[in-house]
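A closer look at the structure
The residues making up each chain are set out below.
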Amino acid sequence: MLVDFHMHSTASDGTFSPNELVRLVKERKIEYFSLTDHDTIDGVKQIKEKKFIPGVEISIEHPTTLHILGYGFDINDEKLNKVLDQLKQYRYERNIKMVEKANALGFDITLEELLEEANGTLIGRPHFASLLLKKGYVEDRKEAFEKYLKRGMPLYEDKKRLDLESAIEIINGAGGIAVFAHPYQTSKDKDEIEKLLKKMVELGLKGIEVYYSKHTKDMIETYEKLAERYNLAKTAGSDFHGQNTPDIELGIEVSKENIKEFLSLF
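Okay, so let's go over this structure.

Cut-off values and rules
- Residues numbered from 1 in each chain as written.
- Predicted model: local features only at pLDDT ≥ 70, side-chain atom pairs only at ≥ 80, totals over all residues.
- Heavy atoms only, no water.
- Phe/Tyr/Trp six-rings, centres within 6.5 Å; stacked < 30°, edge-to-face > 60°.
- Helix = DSSP H or I, 4+ residues; strand = E, 2+ residues; numbered from the N terminus.
- Buried < 20%, exposed > 50% of the residue type's maximum accessible area, 1.4 Å probe, protein only.
- Pairing = 2+ DSSP bridges.
- Contact = heavy atoms within 4.5 Å.
- Axes fitted to C-alpha atoms, helices over the stretch in contact; angles between N-to-C directions.
- Core = buried A, V, L, I, M, F, W, Y, C linked by side-chain atoms within 4.5 Å.
- Right-handed = clockwise from strand over helix to strand, strands pointing away.

In this description, a pair of aromatic rings is defined by centroid distance and the angle of the planes. Under the counting rule described, the total for this entry stands at eight aromatic pairs. Between the aromatic rings of F16 and F240, the centroid separation amounts to 6.0 Å while the plane-to-plane angle is 15°, which identifies the pairing as stacked. With F16 in the loop between strand 1 (2–4) and helix 1 (18–27) and F240 in the loop between strand 7 (233–237) and strand 8 (252–253), this pair connects stretches of sequence that are 224 residues apart. Aromatic side chains F107 and Y137 sit 4.6 Å apart centroid to centroid with 45° between the ring planes, which places their arrangement in the tilted category. Residue F107 is found in the loop between helix 2 (78–104) and helix 3 (111–117), and its partner Y137 is found in the loop between helix 4 (125–134) and helix 5 (141–149); the two are separated by 30 residues along the sequence. With a relative accessible area of 28%, Y137 lands in the partly exposed category. Feature note: the residues F5, Y71, F262 and F266 constitute an aromatic cluster, connected by ring pairs.

Dropping the structure here:
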């Protein structure tokens, strides 16, 4: 069966609106899906589909990339919305600093132009990259990240992240379940992943993203074993961002048996 529990819209750093994603999901005949924008559920609130599971992807304070996916929560939960609104404000303040840095380097870009690039929603680094490309300051988006936008480069400005305990607590408190996203991005060391996973399970983690567009066969086997060892639901997601990830297609082919525990939770 074809499913996708990890995708992004224009509400964060994707290039398709929530409604456009719904249309693509139907065209692809994806049976179950979630929208998991970064640190926001604004897009989720626009979708009313029977086989849709509300989602979010929260960035965690960690030495390497660490993201927690949340699913099936109450979209009107007061605490969840308050925390996500705070993260949105931090992101806005970060973007102002990045625009100031860009202007100091001689790039003629404005916050208003970035908002237009982002369709009036959350601005992320991909939108800076697109605008730099559109104005001819770089040859392609890769150059924009390599020379200006990745960590350590002139325009980089770190964003506010939640600590692991708070993120899991907020998701669970809103009636949802917390899932470890794309583990290989956090570490390719199996022992490190298991050590971190044990800590997350103690904090209330309920799932792990086993089937993912960039996971190798060996990775999938490793994560399947960890899911079974710690009694975690297995999820599947592409991490589709539209034109911002042209190498990733919408939808993950997976057997219903492998995700039945996850689906049974909703």
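Let's pick the thread back up.
This paragraph deals with the sheet that holds strand 7. Strand order in the open sheet formed by eight strands is 7-6-5-4-3-2-1-8, and the pairing between neighbours is mixed. Unpaired on one side and paired on the other, strand 7 and strand 8 mark the two borders of the sheet. Bridge count for strand 3 (residues 52–59) against strand 4 (residues 67–71) is five bridges, and the pairing is antiparallel. Across the sheet, residue E57 finds its bridge partner in strand 4, namely L69. Its contacts with the sheet put helix 9 (residues 256–263) on strand 1, strand 2 (32–35), strand 3, strand 4, strand 5 (177–180), strand 6 (207–212) and strand 7, and the angle it makes with strand 7 is roughly 110°.

To continue, consider the nonpolar core. F5, F180, M200 and L205 are the most contacted members of the largest nonpolar core, which totals 68 residues. Here the element with the most residues in this core is helix 6 (residues 164–173); it accounts for five residues. Apart from residues no more than four positions distant in its own chain, F5 is found in contact with Y32, F33, S34, T36, I53, Y71, A236, G237, I259, F262 and L263. The next biggest cluster of nonpolar side chains, apart from the first, holds 18 residues, and it includes M98, I123, A129 and L149.

Further remarks concern the pairing of strand 2. By the alternation rule, side chains of strand 2 split into Y32 and S34 and F33 and L35, which are all buried. Bridge count for strand 1 against strand 2 is two bridges, and the pairing is parallel. Bridge pairing in strand 2 places D4 opposite F33. A crossover links strand 1 with its parallel partner strand 2, the connecting element being helix 1, and its sense is right-handed. Here strand 2 pairs with strand 3 via three bridges, running parallel. Residue pairing for strand 3: F33 is matched across the bridge by F52.

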